[in-house]
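Chain and residue survey
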Amino acid sequence: MDMKTNLMIIAFAPLLAAAIAGLFGRKVGRVGAHSVTILAVGVSCVLSIKVLWQFMSGEATAFNENLYSWAVFGDVAINVGFLVDSLTAVMMSVVTFVSLMVHIYTIGYMKDDPGYQRFFSYISLFTFSMLMLVMSNNFMQLFFGWEAVGLVSYLLIGFWYKKETAIFANLKAFMVNRVGDFGFLIGIAGVLYAFGSLDYAEVFERAPQVAGETIAIFGQTEWSLITVICIALFIGAMGKSAQAPLHVWLPDSMEGPTPISALIHAATMVTAGIFMVTRMSPLFEMSETALSFVMLIGAFTAFFMGLIGIVQNDIKRVIAYSTLSQLGYMTVALGVSAYSAAIFHLMTHAFFKALLFLGAGSVIIAMHHKQDMKEMGGLRKYMPITFVVMWIGSLALAGFPGTSGFFSKDVIIEATHLSDRFGAGVAYWAVLLGVFVTALYSFRLLYLTFHGKERMDNHTKEHLKESPWVVTLPLILLAIPSIIIGWMTIEPMLFGGFMNDAIVVNAANDVVKELGLYHFESPADFTIHGMMATPFFLALLGFAVATWVYLKKPGLSTTIKKRLAPVHRILMNKYGFDHFNQKYIVGGTQKLGNALWKWSDSRLIDGLIVNGSSKFIYGVSKFLRPFQSGYVFHYALVMVVGVIVLISFYLF
Amino acid sequence: MFEQSLLSVLIWLPMIGGLLLLALGQQRAGMVKFLALALSVATFLLSIPLWTQFDGGSAALQFVEKVVWIDALNIHYHLGVNGIAMPLVILTTVITVLIVLSAWRVIDKHVHQYMAAMLILEGMLIGVFSAHDALLFYLFFEAMLIPMFIIIGVWGGPNRVYATIKFFLYTFLGSVLMLIGLIYLYMQSGTWNLTELAALPLTMQQQTWLFFAFFIAFAVKIPMFPVHTWLPDAHVEAPTGGSVVLAAIMLKVGGYGFIRFSLPILPDASQEFTWLLITLSLIAVIYIGLVAIVQKDMKKLIAYSSISHMGFVTLGIFLVFMLMRTDGNSDMALTGAVIQMVSHGFISAAMFLCVGVLYDRLHTRMIRDYGGVINTMPWFGAFFVFFAMANSGLPGTSGFVGEFMVILASFQANFWIAFSAAITLILGAAYSLWMIKRVVFGSITNEAVESMQDVNSREFFILAVLAVFVLVLGVWPEPLVEVMRASVQQVIEHVSVSKVI
C-alpha cells in the first residue's frame, strides 16, 4: 500500500464510520454502531503507528501531496491535501490511539444512554476532523479542521441537551473559540497577504523575504508584519488551547460526558493550538516579540490556572484546571523556541491526562454520577484497578522521576531556564512554582477520592464496585505509556533530530539543542540528575503539604480556608473572568444590539425617515384634500371667484 | 431540443404554466399542485444544460437570443447568460421546486393563485438574470414586484398590509430612479444593449448621477443599511414560501445589478464611491449582526442575518476597486461575493423553511414559545443545527466559502476592513446558535412543544436537498469558481480602464 492510500484510509475511515453510526444508527443498532466506529478508528490507529514507525526508522520522508483543488485564483491555488512528516506522524498516532481507547471505554461508560449511537458517531467524526487538522498541508484545510473539531466539541459538550448547564457550556465554548478563530482567520488572511499563498511549503519557503516588511495599523506606526501575523494566529491557539483570557470555556466543558473530556478537552483538541504553533515554527522564529507574547500568556496560564485547581471540589474540574495549567507549560515551551519539547509534553500529557479523566470517569460510574469529592473517600478498597492507575497518572502529572511527565516537564523547565528571551525569567518562576501547585492538587485529588474516611451515603456505598473490563482495559493501556513513554522517547524525539524535518529553530534560540549538549546524557542520568534538582523538591513539598493537610489532619483545610478567606474567594471566583465576560461582554453586546435596534432601526430610520415621510405626505395631502371636494358647485364657485379676481386685475 | 431558445423556454414555461394554473381554479387543488410541481421540476431539468453545456473558459454571453422588439426605440428581446448569471438562474429553478413542495399541505387558501404567483415569479427572476437589454431587464425587475406583493398581501400574516406597502414603496422608489437613469443612458447612446452601454464613455459628473440612481435601486433590493428596514417586516408577514423566494433569490437581484450595471457602465464613479459602499457593507456586517442577536422573532432574526450576510456581497464587489490597483486578489473578492449570493440562497432558504416547519406546527415564530424541540423532533433538530452552523460560516459548508474569500481578499486592501469583516465570525455564531440553544436544545418547555411531530418525508426531502447543496458547495467550490472565472476576470479588466471622456 502506498503512502497516499494509507493516509486516505487513516483520515476517511472514521468519517465513513461516523456517517454509518450517525445516519443509520437505528438500523445498525448499538453493537453495530460501536463495532463500525471502533473498527475504523482501530484501522486508523494501526496505520498511523505504522507511518510513525516508518519515520522513526528513517524509511519515510515527508509526504506532501494535494488531493484536489478547492478553489483557484490565478497563481493562488487553495488545495485540500496532506502534509505528513515526523511531527504529523506523532500527532496522528497520539490522536488515533487515545481516540481508540476512548471508543472502547465508551462502551462501558455510555451503556445506558439513549444517545449511544449518536455518541459514537460524534467521537468518530471528531477523530476525522482532528486528523484533517493535523494532516493538512495548507491554511484553509487547517482552518476547516480547526472549526470542525470545535463543532464536534460543541455537539459533545451539549450531548445531554436537556441539561441547562450543558447547553450553556457548549454555546460558551463555541463562542469563546470563535473569538479565537476571529484572530486566527485574520492571521490566515495576513499570511495570504504577505506570502501570496496558503500552502505551507510555499509560505515557509517565502518566509525570509518578509522579514523586514511592516504594516501600518494605527495611523503611521509601522508594525512588523510577521509579528502581527504570528500574534493573530496565536490568538486562535489561545482559543483552542484555552490560554488566558480565552480559557474560560474549558472548565465549563466538563458538563459533557467524561469520555469526551478525556479525548477532546484534554488529550487532543485542546492541543491543536500547540501543534499549530509548532507547525508554524518557521514563521514564529522570525518574531521575538510574538514568541515573548506566547511565553508570557503560557506562563500566566500555567501558574494561575493551577492555583484554581487546588480549591475545586468537582473531581473533573480539578483535572480540567490541571489541563489548563499543563497547556500553559506547553505554551511556555513554544515561547522559548523549544517546540519539540512542547510536542513531547503534548504526547506524554495526552496519555496521562486521558488516563486521569477516564479514571475519574470510572470513579463517577461507581459513584452513580456524583462528581463532588467531598462525598467520596476511601474508594481504594472498592476499586483497586482505578486506584492504581489514578496514582500512576497523578505521579506522571506531578513529575515523579522516571515517569513520562517528569521528562517532558523537566525539559520545559530547563529549557525556559536556558532561554534569554524577554520574559523568560518570569516564565521560569511560573513553571517552577507550578510544580509545587501541580503536586498539591494532584495528591489532594487522590487523598480526597481514594483515601481517608468514606463520606458517601449508604446507598451509594452498597453499590460501589470496580468498573467493567471495557472501562479498565483502556485505563491499563493508557497507564503503560504514562510510565514508560518518556524514558523511551526523550532521546530520539528531542535530541536525536527526529523532528528536524518539521521544526525550524534559529541556532541562537535553540535551547533544546543546548540542553541536549550540556545537560543530557541518557534517560537514567537525566532521572538521577532530576532527583537532585529544585523541581523535584518542590514536588515533594507539594506532596508533603497535601499529605499533611488532606490525609493526616483533615480538619486543617477548613482552618486554612478561613485564615486565607480573601485568597480563597479570589480562587473560587476564578479571578472574576466569568463574571466580567458575562456582565460586560455578553451583557454589553445585548445592550448595544437592543439600543441599535430600538433607537436606530426602529425610531430613526423607520420612525422618523420612512414613516415620517409617509406622515409628511399624508399631512400635505390632508391639507390639499379639501380643494378636491368633488362638488361641482365648489369648483364653480372657485372658478367664478377666480374670474372675478382676474377681471378686476385687468380692469383696475 | 430547445438549445436555440433555452432561456426563453425557462422564462416562459413557468409563466405560461402559472397562468394556466389560474384557469384551473381552486376546485382542482390536487391537480393544481401536481401540475405546479411538474412545471417547476421541468423548468429545473431544462435548466441543467445551462450548467453542463456552459463554456466556462469564455466570458462571452452564452445561450444568446436576440430579436427586435420595439424597433423605433431600439429595444430588443435580448437574452444571454455569463458565468455570473448562470448559477443564479439555476439557483432560481432549484429553489422554486422546493417552494412548491413546501406549500403542499400548508397553503389552503387559493392554492392555484399561490402556485401561479410563484411560477410567474420564477419566470420573471430568470428573466432578470438573463436579460441583456436594459429595458427588458427593467421590465422584469419591476414586474416581479407584483407577484411578490400579492404573495405577501394575500397569504401573509396579520400586519401584511403595512409590510406590503412598505415593501412596494421602498423598492419602487429605487427602481423609478433606475428607470430615469436608464432613459438618460438611452438618450446619450441610443441603445439599451448592456455591452454597448458598458463601452459608452461618460463624464465623471454623468457617472456620479447615474451611479446614485442605480445605487439606490440595488441598495434597496439587496438591502443595504440604511435602506434595509423593509426586509424584516416583509419577511415576518410573508408566508414561508414568500420568505424563501425573497431571501434566496430576490435579494440576489441587487447584488447582480451592481455587477451587471453599476460596475461596467459606471466604473469611474464606482471607484470614486468605493469608500461609501465599503463603509455601508461593514456597517451591515457589524451593526445588523448586533441587531440580529436581540431579535425575539425567528423570522426577524433570520432577516437581519440575511442583511448582514449580504454585506459580504457588496463588500466583495467593491473591494475589486481597492485591490486591482495594488495587484491584490480582486478575483477572489468578486468570486467570493457571487459565491456568497449562491450560498446564501441555499442557507437562507433552509433557515426560513425550518422556521416554516415550526410555524406550521405551533403557529408562532416567537423564540420564547419554543424550547427543547429536539426532544420531540430529532431529525428536524439535526437539520436546524446544521443550517444554523452553515449560517454562522462553518468551514465545510457553503456559508464559509464566500466569507472566507472576501475576508482574505479584504486584508490585502486594508487591515481594518478585514478586522471588521471578520467580526461576523463572532456575531454570526452568536445570533445563530443562541437561537438554536433557546429553540432546539433544553428540556421541553411546554405542552405544545410536547405534541410536535418530527418532519414528514416531504419536509425531510426538502431540507435534505438543501443540506446536500450546502455541503457540496462547501467541500468543493472549485466547479462554481471555474464557471465564473472568465466572467469575473472580464468584469475586473473592464472596470480597471477608465471611461471618462
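Residues numbered from 1 in each chain as written. Chains lettered and ligands numbered in written order. Predicted model: local features only at pLDDT ≥ 70, side-chain atom pairs only at ≥ 80, totals over all residues.

As for the overall build of chain B
Each helix and strand in chain B was counted, giving 23 helices and 2 strands. Taken over C-alpha atoms, the radius of gyration comes to 22 Å for chain B, in line with the 23 Å a tight globule of 501 residues would show. Its C-alpha atoms give chain B principal-axis dimensions of roughly 70 × 55 × 40 Å. Expressed as a percentage of its 501 residues, the buried residues of chain B come to 64%. Across chain B, the fraction of contacts at a sequence separation of at least 24, relative to all contacts at a separation of at least 6, is 82%. (Helix = DSSP H or I, 4+ residues; strand = E, 2+ residues; numbered from the N terminus. Rg over C-alpha atoms; globule rule 2.2 N^0.38 Å. Buried ≥ 20, exposed ≤ 12 C-beta atoms within 10 Å, placed from the backbone. Contact = placed C-beta atoms within 7 Å.)

Observations regarding helix 5 (residues 134-143) of chain B
Listed as buried for helix 5 of chain B are B:A134, B:L136, B:F137, B:Y138 and B:F141. Looking at the buried residues of helix 5 of chain B, the elements they touch are strand 2 (75-81), helix 4 (111-130), helix 7 (160-189), helix 8 (194-199) and helix 11 (240-265) of chain B.

Brief notes about the packing of helix 6 (residues 164-195) of chain A against helix 20 (residues 424-439) of chain B
Helix 20 of chain B packs onto helix 6 of chain A with a crossing angle of 165° between their chain directions and a minimal axis gap of 9 Å. One way to sum up the angle between helix 6 of chain A and helix 20 of chain B is to call them roughly antiparallel. For the pair helix 6 of chain A and helix 20 of chain B, the sense of crossing is right-handed. Here A:I167, A:L171, A:F174, A:M175, A:R178, A:V179, A:D181, A:F182 and A:L185 of helix 6 of chain A come into contact with helix 20 of chain B, specifically with B:L425, B:I426, B:A429, B:A430, B:L433, B:W434 and B:K437. By residue class, the composition of the contact of helix 6 of chain A with helix 20 of chain B is 13 nonpolar, no polar and 3 charged. (Axes fitted to C-alpha atoms, helices over the stretch in contact; angles between N-to-C directions. Parallel < 35°, antiparallel > 145°, perpendicular 65-115°, else oblique. Left-handed = near helix turned anticlockwise from the far one by under 90°. Nonpolar A, V, L, I, M, F, W, Y, C, P; charged D, E, K, R; others polar.)

Things to note about unusual backbone geometry
Put simply, B:I222 and B:P223 share a cis peptide bond, and its omega is -20°. Following the sequence through the fold, B:P223 ends up in the loop between helix 9 (204-221) and helix 10 (230-237). Between B:F225 and the following residue, B:P226, the backbone shows a cis peptide bond with an omega angle of 0°. As for its placement among the helices and strands, B:P226 is situated in the loop between helix 9 and helix 10. The backbone of A:H368 sits at a positive phi, close to 55°, despite the residue not being glycine. Within the secondary structure, A:H368 sits in the loop between helix 15 (339-366) and helix 16 (384-398). The class for A:H368 is exposed, based on 12 C-beta atoms found within 10 Å. The phi angle at B:H110 is positive, at roughly 45°, despite the residue not being glycine. Residue position: B:H110 is located in the loop between helix 3 (85-102) and helix 4.

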